Amino acid sequence: MDYTKRLYDLRVDNDLKQEDVANVLKISKQAYGMYENKKRGLPIESLITLCKFYNVSSDYILGLTNDPNVK
């Protein structure tokens, strides 16, 4: 699974808008949208923040496992 799809799925499954996640990352909605649309790579700092926010492992976000609890 592509991590951009996982970002989208996590956001939608949590009933969040791009703006909500952008606020967590302290970036603009447009910048976050670029992550989901493969126009910009996800910085490691943002990956760490999203793992903590969604309470999932980085392997899950990166698509290396389908188990969100693998730590």
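Refer to the structure printed above.
Cut-offs applied
- Each chain has its residues counted from 1, running along the sequence as written.
- Residue-level local features of this predicted model are given only where pLDDT is at least 70; pairs of side-chain atoms are given and counted only at 80 or more, and the full residue set underlies all totals for whole chains, interfaces and linings.
- Side-chain numbers come from the whole structure's heavy atoms, not from hydrogens or water.
- Helix and strand definitions here come from DSSP, where helices need a minimum of 4 consecutive H or I residues and strands a minimum of 2 consecutive E residues; each element is numbered from the N-terminal end.
- Whether two residues are in contact is decided by their heavy atoms: any pair within 4.5 Å suffices.
- Aromatic contacts are taken between Phe, Tyr and Trp rings whose centres are within 6.5 Å, Trp giving its six-membered ring; a plane angle under 30 degrees counts as stacked, one over 60 as edge-to-face, and the others as tilted.
- Burial classification: accessible surface area is computed with a 1.4 Å probe over protein chains only, and a residue below 20% of its type maximum counts as buried, one above 50% as exposed, and the rest as partly exposed.
- Charge-over-ring contacts are defined here by two conditions on Lys NZ or Arg CZ: a distance within 6 Å of the ring centre and an angle within 35 degrees of the ring normal.
- A side-chain nitrogen of Lys or Arg and a carboxyl oxygen of Asp or Glu constitute a salt bridge if their distance falls within 4 Å.

### Looking at the side chain of Arg-11
For Arg-11, the position within the fold is in helix H1 (residues 3-13). In contact with Arg-11, not counting residues within four places along its chain, are Leu-16, Lys-17, Gln-18, Val-21, Tyr-32, Glu-36 and Tyr-54.

### Details of the packing of aromatic side chains
In total, this model carries two aromatic pairs according to the counting rule given. A centroid spacing of 6.1 Å and a plane angle of 85° characterise the contact between Tyr-32 and Tyr-35, whose relative ring orientation is edge-to-face. Here Tyr-32 pairs with Tyr-35, and both are found in helix H3 (residues 29-36), just three residues apart, close to one helical turn. Each member of the pair, Tyr-32 as well as Tyr-35, is classed as buried. With a centroid separation of 5.0 Å and an interplanar angle of 65°, the aromatic rings of Phe-53 and Tyr-54 are classed as edge-to-face. For Phe-53, a relative accessible area of 38% translates into the label partly exposed. For Tyr-54, a relative accessible area of 11% gives the class buried. Over the ring of Tyr-60 we find Arg-6, and its NZ or CZ is 3.9 Å from the ring centre.

### Details of the pattern of salt bridges
Tallied over the entire structure, the rule returns three salt bridges. Lys-5 is paired through a salt bridge with Asp-9; the nearest N and O atoms lie 2.8 Å apart. Of this pair, Lys-5 and Asp-9 are both found in helix H1, four residues apart, which corresponds to roughly one turn of the helix. We classify Lys-5 as partly exposed; its relative accessible area is 41%. Classification of Asp-9 by relative accessible area gives buried; the value is 19%.

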